[in-house]
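This is what each chain is made of:
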Amino acid sequence: MALHILMERVALFMPGIALDGYILIQALNRRQQLKKHYTGNMVECPICGGKQSEFAPFPNAKGQANILCLTCGSHKRHRLMWLYLREHTSIWDKNRPIRLLHFAPKSFAFHAFSKANHIDYYPVDLFPRLYRHKGKTKIRKADITQLQFEDNFFDAIICYHILEHVPDDRKGMAELHRVMKKGTGWGIFQVPIQHGLEKTFEDFSITKPGEREKAFGQWDHVRWYGSDYPDRLRSVGFEVNSDQYVKEFSKKDKERYGLPGQEILYVCRKPE
Ligand SMILES: [Zn+2]
């Protein structure tokens with residue numbers, strides 16, 4: 001509880017990243033306790049190969065069922081991204097060196113990217129001290145609205161569930177666009193989308209964690225994105241492909257790999 005309060009206080013100054021740290025610590029503590037309850041091979045994590053009777057519940061008060069891989073800590077959306085990266089990008093092609101910017105890296109991704117010799121890896125966070133990841137690469141401090149990198153620098157950018165925490169998200173998007181390589185660069189920029197909401201809802205007079213949870217679905221979110229989310233990305237110059245990749249899987253495989261029901265992947269490019 002004390003940790004939760006501390007994280008909430010940090011989150012008042014920069015939300016989002018603190019929550020990730022909180023969830024990580026919670027998950028690490030519970031994973032070992034949970035493992036014995038989920039022994040089996042009905043589901044299989046495509047990231048780490050771990051098998052369980054089913055995926056474990058989400059480690060928070062809501063406790064949604066069938067989410068968590070107890071070996072690598074991945075959730076549904078992480079497993080979908082991983083499969084997409086493997087099947088639809090050249091990120092693992094050892095013959096194609098790539099410079100990758102990665103916001104708020106989860107442990108499994110950090111270790112995989114960090115170990116790959118052909119990936120020039122830049123994991124970043126506003127609060128790098130919150131991370132326990134250890135690898136040859138260090139997590140650098142970076143503010144998405146004011147990146148320290150030069151223009152046209154990155155071949156690929158992964159920015160997963162970050163922008164919903166950032167008050168000036170358009171500035172963040174413009175920075176992602178600025179540092180992406182023109183022509184060949186690409187990025188995956190995921191946010192939670194409120195289904196049925198056409199226009200993104202934000203109200204900056206709502207600042208208290210409890211009020212934000214009510215208004216935006218999570219105590220450190222500053223908006224609910226609607227179906228106009230890709231238009232915001234386009235407004236800073238991105239070409240956006242709203243990829244319904246998850247539809248390529250059969251019901252059986254979706255269950256086996258524990259994938260989300262209908263997540264759209266927003267794959268962005270910076271045209272010449
Ligand atoms: Zn796993």
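Computed from a predicted model, the values in this text were never measured in an experiment.

Peer 1: Give a description of the pairing of strand 7 (residues 186-190) that names residues and reports values.
Peer 2: Along a regular strand, successive side chains alternate from one face of the sheet to the other. Counting buried positions along strand 7 yields five of five residues, so the element is predominantly enclosed. In terms of strand pairing, strand 6 (residues 156-160) meets strand 7 through five bridges, oriented parallel. Bridging from a neighbouring strand, Ile158 pairs with Ile188 of strand 7. Crossover handedness for the path strand 6 to helix 5 (residues 169-179) to strand 7: right-handed. Pairing of strand 7 with strand 11 (residues 265-269) involves three bridges; the strand directions are antiparallel. Bridging across to strand 11, Ile188 finds its partner in Val267.

Peer 1: Quick rundown of the side chain of Thr145? Include the residues and the values.
Peer 2: Tracing the backbone through its elements, the reader meets Thr145 in the loop between strand 5 (140-141) and strand 6. Of note is the side chain of Thr145, whose polar atom sits 2.8 Å from the side chain of Asp143. The residues contacting Thr145, other than those within four sequence positions of it, are Val166, Asp168, Lys171, Gly172 and Glu175.

Peer 1: So what's going on with the pattern of salt bridges? Which residues, and what values?
Peer 2: Inspection of the entire model under this criterion finds eleven salt bridges. The closest approach of N and O atoms between Asp120 and Arg99, which form a salt bridge, is 3.2 Å. Of this pair, Asp120 sits in strand 4 (residues 119-125) while Arg99 sits in strand 3 (residues 98-103), placing them 21 residues apart in sequence. Using a relative accessible area of 34% as the deciding quantity, one classes Asp120 as partly exposed. Take Arg99: its relative accessible area is 23%, and that puts it in the partly exposed class. Residues Glu202 and Arg232 are paired through a salt bridge, measuring 3.0 Å at the closest nitrogen-oxygen approach. Separated by 30 residues along the polypeptide, Glu202 in strand 8 (residues 201-202) and Arg232 in helix 7 (residues 229-235) bring together distant segments of the chain. Residue classification places Glu202 among the partly exposed positions, given a relative accessible area of 27%. For Arg232, a relative accessible area of 7% gives the class buried.

Peer 1: Which residues make up the packing of helix 3 (residues 76-88) against helix 4 (residues 107-115), and what are the values?
Peer 2: To characterise two packed helices, one gives the angle between the axes of the helices and the distance between these axes. The N-to-C vectors of helix 3 and helix 4 enclose an angle of 25 degrees; their axes lie 11 Å apart at closest approach. Relative to helix 4, the element helix 3 is oriented roughly parallel. Between helix 3 and helix 4, the residues in contact are His78, Trp82 and Leu85 and Phe108, Ala109, Ala112 and Phe113, respectively. Grouping the amino acids of the contact of helix 3 with helix 4 by side-chain chemistry returns six nonpolar, one polar and no charged.

Peer 1: Describe in detail the sheet that holds strand 11, supporting the description with residues and values.
Peer 2: Two modes of strand pairing occur in sheets, parallel and antiparallel, and in both the strands are linked by backbone hydrogen bonds. Within the open sheet, the seven strands sit side by side as 5-4-3-6-7-11-10. Their pairing is mixed. Both edges of this open sheet fall to strand 5 and strand 10 (239-243), since each of them pairs with a single strand only. Of the strand pairs in this sheet, strand 3 and strand 4 are connected by six bridges, and their pairing is parallel. Residue Leu101 lies in a different strand from strand 4, and its bridge partner there is Tyr122. Across the face of the sheet, helix 3 comes into contact with strand 6, strand 7, strand 10 and strand 11 while running at roughly 165 degrees to strand 6.

Analysis parameters
Residues numbered from 1 in each chain as written. Predicted model: local features only at pLDDT ≥ 70, side-chain atom pairs only at ≥ 80, totals over all residues. Heavy atoms only, no water. Buried < 20%, exposed > 50% of the residue type's maximum accessible area, 1.4 Å probe, protein only. Helix = DSSP H or I, 4+ residues; strand = E, 2+ residues; numbered from the N terminus. Pairing = 2+ DSSP bridges. Right-handed = clockwise from strand over helix to strand, strands pointing away. Polar contact = N/O pair within 3.5 Å; in protein donor to acceptor, adjacent residues only side chain to side chain. Contact = heavy atoms within 4.5 Å. Salt bridge = Lys/Arg side-chain N within 4 Å of Asp/Glu carboxyl O. Axes fitted to C-alpha atoms, helices over the stretch in contact; angles between N-to-C directions. Parallel < 35°, antiparallel > 145°, perpendicular 65-115°, else oblique. Nonpolar A, V, L, I, M, F, W, Y, C, P; charged D, E, K, R; others polar.

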